[in-house]
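Architecture at a glance
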Amino acid sequence: MTDITPLSSIAQATIERFERNTARIGILGLGYVGIPLALRFQEVGLAVLGFDIDDERVSVLNAGESPIRHIPGAEIAAMRSAGFEATTDYSRIGEVDAIIICVPTPLSLHREPDLSFIVSTMESAKPYLRAGQLLSLESTTWPGTTEEVLRPYTVDRGLSVGEDFFLVYSPEREDPGNPDFTTRTIPKVVGGTTPACSAVGEALYATVIDRVVSVSSTQAAELTKLLENIHRSVNIGLVNEMKLIGDKMGIDIYEVIDAAATKPFGFTRYYPGPGLGGHCIPIDPFYLTWKAREYGLSTRFIELAGEINRDMPEWVVGKIADALNAREKSLKGSRILALGIAYKRDVDDMRESPSVFVMEHLRARGAHVDYSDPNVPSFPKMREHKFELDSVALTADSLAGYDAVVLLTDHSDFDYDLILRSAPLVVDTRGKFRADDPKVVRA
């Protein structure tokens, strides 16, 4: 823990409530980040009150059911039995000792940061903020958000940050569907507005996380999160560009990656795909490029990677068109089946999924598009995309009825042998099938 002396009596009392498991935790935003966090706090015996603006989600959770596929309903039921409650009533903010914000931070239509969810959450919570509380922002954002956007709400309430109220930034690091890392085992970065804030934040997260990593400020913690995701974006952009080069040269990029990965130092394995998906990696770099302009800086390297990844869906569609042409068929009028529309393997999360952009490009060019995804039975309502479709069951007959199937998300539940036997043409964006099979075209 950060070594700070002396702490105010209120800071000491707040830390003691966390350490003695007598505190109540408020989690604002019950989604892919908030629910796992609630489960972990409840697991160690801390009472949890969850807040969300979605009436249906609150009802599902209070019924002891899971709204997210990879989180078992039995875990939600056990949490509910242990005292967890979800509510849409933000006037109950005063009941909790820690307020943890886990709401989305998307981009606007002009690809600029959209903090409207954070702002609306703080507007709802503001009247009920009180002395002795810790406020932790976990949503990904630009460096300075905690100080510039959140702190003024505490000032308006007459609270003194670092003395009777405590403000930290601690970026979420959830990896949905990854069984190798849990909320408990993923190290937690914490940066406070003051050293006392850091000490209180560390005390909170030390109750549920095996390793808490303290940094010097909220800004350092905010930039840490952006660096993590920009690192992935840039490296995925690099390997996607290498895929394009390999394709032109007739070289299998997957063979090259596996060979390069035998080097025991200086190389990290990244695989190409149809683009970038999820709420973080396609979006977070733009939070930094936007903020960097305030300092007169151009983030050319970051933006170039974003352009490469953004253009991958259209490149995939071009490969589908070429494969059909080689079989004397046009893309217009062809029946195409998209395999997997979640943004990553074995989850139901559709946010920023490149599969959907591929489907839209195909539809715009006159193809008839269906999809099959064991995790998404019906195409959900989305802000920017609209398909009135249900998932197609994969059978020998259904697969044979399409001119091409395109593997976009390589879910474990797919029967890949059946797909290869039954489909007349397989366009593979994930390197799942042998490249030398005459039915397979890599994209």
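Above this note sits the structure.
Just so it is clear, the structure is predicted and the values come from calculations on it, not from any experiment.

Of the regular secondary structure elements, the chain holds 14 helices and 13 strands. Scaling as 2.2 N^0.38, a compact globule of 443 residues should have a C-alpha radius of gyration of about 22 Å, and the chain matches this with 24 Å. If one aligns the C-alpha atoms of the chain with their principal axes, the spans along those axes are about 80 × 50 × 40 Å. When each of the 443 residues of the chain is scored for burial, the buried share is 53%. Residue pairs in contact within the chain that sit at least 24 positions apart in sequence constitute 69% of those at least 6 positions apart. Roughly 19,500 Å² of accessible area belongs to the chain as shown, and the carbon and sulfur atoms make up 52% of that amount. Side-chain charges in the chain split into 46 positive and 63 negative, and the spacing between the mean points of these groups amounts to 3 Å.

All right, on to the pattern of salt bridges then. Under the criterion given, the structure shown has 27 salt bridges. A salt bridge links lysine 188 to glutamate 138, with the shortest nitrogen-to-oxygen separation between them at 3.2 Å. Linking lysine 188 in strand E7 (residues 188-192) with glutamate 138 in the loop between strand E5 (134-137) and helix H6 (145-156), this pair joins segments that are 50 residues apart in sequence. Across the pair, exposure class does not vary: lysine 188 and glutamate 138 are buried alike. Here aspartate 210 ties to arginine 184 by a salt bridge, and the two come within 2.9 Å at their closest N and O atoms. Note that aspartate 210 is positioned in the loop between helix H7 (195-206) and strand E8 (212-215) and arginine 184 in the loop between strand E6 (166-169) and E7, a separation of 26 residues in sequence. If you follow the salt bridges from partner to partner, you end up with Arg24, Glu85, Arg92 and Glu95 in one network.

Further remarks concern helix H2 (residues 34-43). Of all 10 residues making up H2, 9 are buried, and the element is well covered by its neighbours. Within H2, burial applies to Gly34, Ile35, Pro36, Leu37, Ala38, Leu39, Arg40, Phe41 and Gln42. Looking at the buried residues of H2, the elements they touch are strand E1 (24-28), strand E2 (47-51), helix H3 (55-62), helix H4 (73-81), strand E4 (98-101) and H7. Of the residues trailing H2, glycine 45 is marked for its positive phi of about 100 degrees.

Next up on the list: the pairing of E1. Within E1, 4 of the 5 residues are buried, leaving the element largely enclosed by the surrounding structure. Judged from the 5 bridges that link them, E1 and E2 form a sheet pairing that is parallel. Looking at the pairing, arginine 24 lines up with alanine 47 of E2. Each parallel crossover has a hand, and for E1 linked through H2 to E2 it is right-handed. Sheet analysis places E1 next to E4, joined by 4 bridges and oriented parallel. When the sheet's bridge partners are listed, isoleucine 27 is paired in E4 with isoleucine 100.

Next up on the list: the packing of helix H8 (residues 218-249) against helix H10 (residues 284-293). Viewed as axis vectors pointing N to C, H8 and H10 meet at an angle of 120 degrees, and their least axial separation amounts to 8 Å. Classified by the angle their axes make, H8 and H10 are oblique. The hand of the H8/H10 crossing is left-handed. Across the interface between the two elements, Leu223, Lys225, Leu226, Asn229, Ile230 and Ser233 from H8 touch Asp284, Pro285, Tyr287 and Leu288 from H10. Within the contact of H8 with H10, the residues separate by chemical class into 6 nonpolar, 2 polar and 2 charged.

Bringing the side chain of serine 422 into the picture now. Structurally, serine 422 is set in helix H14 (residues 416-422). Judged by relative accessible area, serine 422 falls into the buried class, the value being 14%. In this structure serine 422 touches Ala396, Leu399, Ala400 and Lys439, once residues within four positions along its chain are discounted.

So, on to a nonpolar patch on the surface. Together, Leu238, Met242, Ile245, Met249, Ile251 and Val256 make up a nonpolar patch on the protein surface, roughly 540 Å² of accessible area in all. Counting residues per element, the nonpolar patch draws most heavily on H8, at 4 residues. Looking at the element boundaries, methionine 249 is found in helix H8.

As summarised here, the arrangement of the 5 strands in space is E10-E9-E11-E12-E13, forming an open sheet in which the pairing is parallel. The sheet is open, and its two edges are formed by strand E10 (368-372) and strand E13 (440-442), each paired on a single side. Each strand axis lies, on average, 25 degrees off the axis of its neighbour in the sheet, ignoring direction. Of the pairings in the sheet, the one linking strand E9 (residues 335-339) to E10 comprises 5 bridges and is parallel in character. Bridged to isoleucine 336 within E10 is valine 369.

With that settled, consider the pairing of E7. With respect to burial, E7 is a largely interior element, 5 of its 5 residues being buried. By the alternation rule, side chains of E7 split into Lys188, Val190 and Gly192 and Val189 and Gly191, which are all buried. With 2 bridges connecting them, E6 and E7 associate as antiparallel partners. Across the sheet, valine 168 pairs through a bridge with glycine 192, a residue of E7.

What follows concerns the state of the cysteines. For the structure on display, the rule yields 0 disulfides. There is no disulfide at cysteine 197, and the cysteine sulfur nearest it, in cysteine 102, is 18 Å away.

Looking now at the sheet that holds E8. Hydrogen bonds between backbone groups are what pair the strands of a sheet, and the pairing can be parallel or antiparallel. A sheet is described by the order of its strands in space; here 8 strands give the open sequence E3-E2-E1-E4-E5-E6-E7-E8, paired in mixed fashion. The open sheet has two edge strands with one neighbour each: strand E3 (85-87) and E8. For this sheet the average axis-to-axis angle between neighbouring strands, irrespective of direction, equals 25 degrees. Bridge count between E5 and E6: 4 bridges; the pairing is parallel. Counted as the bridge partner of leucine 135 is leucine 167 from E6. The strands that H6 touches are E4, E5 and E6; relative to E6, the one it contacts most, it runs at about 145 degrees.

Each value, and the rule that gives it
Residues numbered from 1 in each chain as written. Predicted model: local features only at pLDDT ≥ 70, side-chain atom pairs only at ≥ 80, totals over all residues. Heavy atoms only, no water. Helix = DSSP H or I, 4+ residues; strand = E, 2+ residues; numbered from the N terminus. Rg over C-alpha atoms; globule rule 2.2 N^0.38 Å. Buried < 20%, exposed > 50% of the residue type's maximum accessible area, 1.4 Å probe, protein only. Contact = heavy atoms within 4.5 Å. Areas by Shrake-Rupley, 256 points an atom, 1.4 Å probe, with all protein chains shown as cover. Lys, Arg positive; Asp, Glu negative; His and termini not counted. Charge placed at Lys NZ, Arg CZ, Asp CG, Glu CD. Salt bridge = Lys/Arg side-chain N within 4 Å of Asp/Glu carboxyl O. Pairing = 2+ DSSP bridges. Right-handed = clockwise from strand over helix to strand, strands pointing away. Axes fitted to C-alpha atoms, helices over the stretch in contact; angles between N-to-C directions. Parallel < 35°, antiparallel > 145°, perpendicular 65-115°, else oblique. Left-handed = near helix turned anticlockwise from the far one by under 90°. Nonpolar A, V, L, I, M, F, W, Y, C, P; charged D, E, K, R; others polar. Patch = residues over 30% accessible without salt bridge, like charges linked within 9 Å, V, L, I, M, F, W, Y side chains within 5 Å. Disulfide = S-S within 2.5 Å.

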